[in-house]
Amino acid sequence: MSTSIILLCLVVIGAAAYLVARSRASALAGGRSSALHSRPAYYGAYAAIWAVLPALIVLCVWLSVSPGIIQTSVRSGFPADVKAQAAVEQDLGYSMVATVARGLTMLSADETATVAGDPAALQAKLSEKGVPLAGQPQPYMLDAAKKLNTMSMTSRHAMTAVVFALAVAGAFYALRAIAPRFRARNRVERVMLWGLLLASSIAILTTIGIVLSMLSEAARFFAVVPAADFFFGTVWDPRFAGAGSSSFGQFGLIPLLLGTLYIGLVAMLVAVPVGLFAAIYMAEYASPKLRGVAKPLLEVLAGIPTIVYGFFALVTVGPFLRDFSAQISGLLSGSYTNFIQAQSVLTAGIVMGIMLIPYVSSLSDDIITAVPRALRDGSLGLGATRSETIKKVVLPAALPGIVGALLMTASRAIGETMIVVLAAGVAARIQINPFEPMTTVTVKIVNQLTGDLEFTSPQTLVAFALGITLFCITLCLNIYALYIVRKYREQYE
Amino acid sequence: MTDIVSPTTGVTISKAPARRDIGIKRRYAAERRFQAYGIAAISFGLVFLFILLWTVIGKGYTAFQQTAITLPIEFSEKTIDPSNKRATDPSVLVAANYPVLLRDAIVKQLNINASSKPDVRDASAMLSKSAPIQLRDMVVADPSIIGKSVNVTVLADANVDSANKGQIDLSVDEKNRKVNDKQVGWMNELKASGALHKQFNTGLFVNGNSSRPEAAGLGVALIGSLYLMLIVLVLALPIGVAASIYLEEFAPKNRLTDLIEVNINNLAAVPSIVYGLLGLSVFINFVGLPRSASLVGGLVLTLMTLPTIIIATRAALRAVPPSIRAAALGLGASKMQMVFHHVLPLAMPGILTGTIIGLAHALGETAPLLLIGMVAFVANAPTTPLDPSTALPVQVYMWANEAERAFVERTSGAIIVLLLFLIVMNMGAILLRRRFERRW
């Protein structure tokens, strides 16, 4: 029976248990609901939980464990000469066995009989059924595949039986427990509480997952490339190891990191003044009407997907800067050659800066409005103009919060991907001309991981080393920013 | 009374001392400058927003129309099935030489000398390469059509489409553009006779990806994005709400809760590409789910959206006043009943608003999907979330990388579709907030 049908049956059993238990509880009460400890629905829920939950847990465990057990058992049945081969060869053999097994299930009994003992016919027959084989299966594979099929079949039957037995037994156990003084609500609520706790632990699990997955893959990378060469290397030049050479090229992080920081810096140079002044104007000067229009419009900038910014940089900003620079150089020197490349630090930086404006402005807006009224009134009362009040009183008071906001924005700039993928270029080099392309950590992660993957070469594993570097940098920035913001918020509360 | 000096006493009122120069003019000028900076900053942002939308819409609105050519096509038996074997061997119909049918039709329509090879080649180049497939499908679906002459509307080639929409500068030398003068002449001829016309581009919403811009569509991407949104909604909303309820209403204040809280705030700021790496190594490498599947994409986006939903939900729960809780508990409700019967329904509008905003964010997300292989060339619509698929923003990325000019139009068209979805979702969130927002 397929898993989805089992699940469906479990739902039906659960629903039945719910209905039976509920009506049974009502019957016990004899119409006086005050005779029951809990409302009848809780008795129903109690029975449904007992019917579904244990069966579901067993189902999940069985599904995740049984393939491994079956594989070990089938492989232990391989002939001795196969077992003597290298592990990689055995893996290949097993994957072929699995394919053959999948194909065999599609054949009728007659067809199976005709192809038995004839690998070539088997291969032809299977490819006819839409199961292509990489090569001709060896005789032992057919036996192994049959064994695999029998074992999976047995396992599936056993699983179905166990799951249903558990479901029914659970339902009966719960039904027997129902009595007027039975505290069904408390039991049900305890299960619910565990469910809530489980849900909130997913946040922690995600973090652990991120750290562990990246650490384990990065560790495999550092086994091939020394960590010092990665973190302090100044040349990024990965190569595919050829037949003769065992060199993988150089994986130097420095050029990527510098590119990331440079583009981030340009972006911040655009976003910080614009965002801050916009926030100050909105918070201190703008009439409610203007604020009501301009603030949402600016926030639209934050809602636009970054891929759209990337496209904008690629087809509008980049070519504009290129042609503009050609005009300028034509006016100055007479030769119309562009000195700004279409893909450059400047292009990516400007567009990313525009994207960051709403982050800076809305975060700083909140912080500026949180500065107590009394500080402003005091300054205005002493005869300062509004701009003086802002510059000398409000901003210094809000400074820690604003710094926190800027750090959060910076972490966003460092982690941004799509704009730089389309607008910054892929050349990893160390230079200071903002009109030339540079590349970033995120661009290289995308470059290394799109296309055909092979999870053993440092070519792909380096992406995880880059990823964990990125994760650590943004994490530090964020923790520090949160710390500052929190500390500052407490001052005025 | 005493401090009023009577004029009759003869005391002279001294003139007010000359105002001390405190630089008031300068200070007011600085004030005005400061305000001007603010206005300039806001206008800078708004101008760029305007330019961005203007570029996208200006380049993209034409993508919703497509040039098509209606031709009387002779489904001649001689070309399709010369040896009359179709009754016994239907594969003849699939392998038949359909481009010839089209060539003959357009040559006849334009009255070209069929022996002039360059002319014939140029003329048939005006039709999309997808047209023969269209004819093949027609014949396979209804073999009785063979031997008849039927008016068929086929797509024009992307270059003809661009020329027809006025996107190709015809003053450029003939050699440097993709349509030559002869083709432009034919195009105008066909246009005058009504055979060539623009029609609404349904293919953009139905077709899968294609290397030919005129036949490329968002069909697969739309289905993929729909799957992604459904998976995110089904997983992230319940888990997010459950997590927030626990943290807000039940969690004891201890180090573990603190840790979870800091964790969630940090997860909200983790770069999205890191989630892509997580999905690649956990869901694809470790669990063994298929690459390019929308299920994996949905799971990754769920993890990415969870912090947003949790933060919004906690804010909504916190906004429900304590008096509601006290009243429920006072009437004998258990804590769980209080939360699920009273607090949660009241917080629902806020939760839904946060969820929609989170979903809109997930809909526009590209980077993590690239890493889990949703950047595949998929021509056939996926039927289950386990089939290879792409998503709207990924399709935009793929088309943005195409060299052909006509793909710029498609890309902008796709962006318009994406932005429309986002606008609808955000409007929904705003309306929900307006309609149900309650001030306590």
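Thresholds, definitions, all that
Starting afresh in each chain, residues are numbered from 1 along the sequence in its written order. Key to labels: chains lettered from A, ligands numbered from 1, both in the order written. For this predicted model, a pLDDT threshold of at least 70 governs which residues receive local features, and a threshold of 80 or more governs which side-chain atom pairs are given and counted, while totals over whole chains, interfaces and linings are taken from all residues. We count a stretch as a helix when DSSP gives it H or I for four or more residues in a row; a strand needs E for two or more, and each element gets its number in order from the N terminus. Backbone-placed C-beta atoms define the burial measure: a residue is buried with 20 or more other C-beta atoms within 10 Å of its own, exposed with 12 or fewer, and partly exposed in between. Distance between backbone-placed C-beta atoms decides contact: two residues are in contact if it is within 7 Å. Three classes are used: nonpolar for Ala, Val, Leu, Ile, Met, Phe, Trp, Tyr, Cys and Pro, charged for Asp, Glu, Lys and Arg, and polar for all others, with Gly counted as polar. The split of the chain into domains comes from an automatic or database domain assignment. DSSP-based pairing: two strands are paired if at least 2 bridges between them are found. Structural elements are reduced to axes, namely lines fitted to C-alpha atoms, with helices fitted over the stretch in contact, and the angle between N-to-C directions of any two is expressed from 0 to 180 degrees. What makes a nonpolar core is a set of buried Ala, Val, Leu, Ile, Met, Phe, Trp, Tyr and Cys residues, with links drawn between C-beta atoms within 7 Å. Oblique is the label for any angle not under 35 degrees, not over 145, and not in the 65 to 115 range, which are roughly parallel, roughly antiparallel and roughly perpendicular in turn. By convention, the crossing between two helices is left-handed when the near helix turns anticlockwise from the far helix through less than a right angle, and right-handed when the turn is clockwise. The predictor rates its confidence in each residue with pLDDT, a number between 0 and 100.

A. A look at the overall build of chain B. Tallying secondary structure elements over chain B gives 18 helices and three strands in all. Each of the three principal axes of chain B carries a C-alpha extent, and together these read 125 × 75 × 35 Å. Scored against the burial criterion, the 440 residues of chain B give a buried share of 42%. Long-range contacts, defined here as pairs at least 24 residues apart, represent 75% of the contacts in chain B between residues at least 6 apart.

B. Structural detail: the interface of chain A and chain B. Between chain A and chain B, the contact holds 67 residues from the first and 64 residues from the second. Ranked by the residues each element gives to the side of chain A that touches chain B, the list is headed by helix 8 (residues 184–224) of chain A, at 19 residues. Residue classes in the side of chain A that touches chain B are distributed as 44 nonpolar, 19 polar and four charged.

C. Structural detail: the domain arrangement of chain B. By domain assignment, chain B separates into domain 1 (66–199) and domain 2 (219–436). Between the C-alpha centres of domain 1 of chain B and domain 2 of chain B the distance comes to 46 Å.

D. Representation of the domain arrangement of chain A. Looking at the assigned domains, one finds that chain A contains domain 1 (3–182) and domain 2 (249–492). Put simply, the middle of domain 1 of chain A and the middle of domain 2 of chain A, counted by C-alpha atoms, are 51 Å apart.

E. Highlighting the sheet that holds strand 3 (residues 196–200) of chain B. Residue and element names in this part refer to chain B. Strands sit in the order 2-1-3 across an open sheet of three strands; the sheet is antiparallel. Across the chains shown, the open sheet's two edge strands, defined by having one partner strand only, are strand 2 (149–155) and strand 3. The sheet shows a mean angle of 40 degrees between the axes of neighbouring strands, taken without regard to direction. Two elements, strand 1 (residues 65–74) and strand 2, share seven bridges in a ladder whose sense is antiparallel. Bridged to Pro72 within strand 2 is Asn151.

F. Structural view of the pairing of strand 1 of chain B. Both strand 1 of chain B and strand 3 of chain B contribute to a ladder of five bridges, which runs antiparallel. Bridge pairing in strand 3 of chain B places Ile69 of chain B opposite Leu196 of chain B.

G. Highlighting the nonpolar core. In this structure, Val351 and Ile419 of chain A are the most contacted members of the largest nonpolar core, which totals 189 residues. Not counting residues up to four positions away in its chain, the partners in contact with Val351 of chain A are Tyr309, Phe312, Ala313, Val317, Ile419 and Ala423 of chain A. Ala96, Ile106, Ala156 and Met187 of chain B belong to the second largest nonpolar core, which has 31 residues in total.

H. Summary view of the packing of helix 14 (residues 373–381) of chain A against helix 15 (residues 386–415) of chain A. Residues and elements named next belong to chain A. At their nearest, the axes of helix 14 and helix 15 sit 10 Å apart, and the two run at 160 degrees to each other. Regarding the angle of helix 14 to helix 15, the classification is roughly antiparallel. Handedness of the helix 14/helix 15 crossing: right-handed. Taking contact as the criterion, the partners of Leu375, Arg376, Ser379 and Leu380 in helix 14 are, on helix 15, Thr389, Val393, Val394 and Ala397.

I. Representation of the confidence of the model for chain A within the structure. Confidence along chain A averages 86 in pLDDT terms, with 96% of residues attaining 70 or more. Mean pLDDT across the elements of chain A bottoms out in helix 5 (residues 109–115) of chain A (72) and peaks in helix 10 (residues 254–285) of chain A (94).

J. Broad picture of unusual backbone geometry. Residues and elements named next belong to chain B. Here Asn111, not a glycine, exhibits a phi torsion of approximately 55 degrees, which is positive. Even without being glycine, Ser292 reaches a positive phi, approximately 65 degrees. Among the structural elements, Ser292 can be located in the loop between helix 12 (272–286) and helix 13 (294–319). Using a count of 22 C-beta atoms within 10 Å as the deciding quantity, one classes Ser292 as buried.

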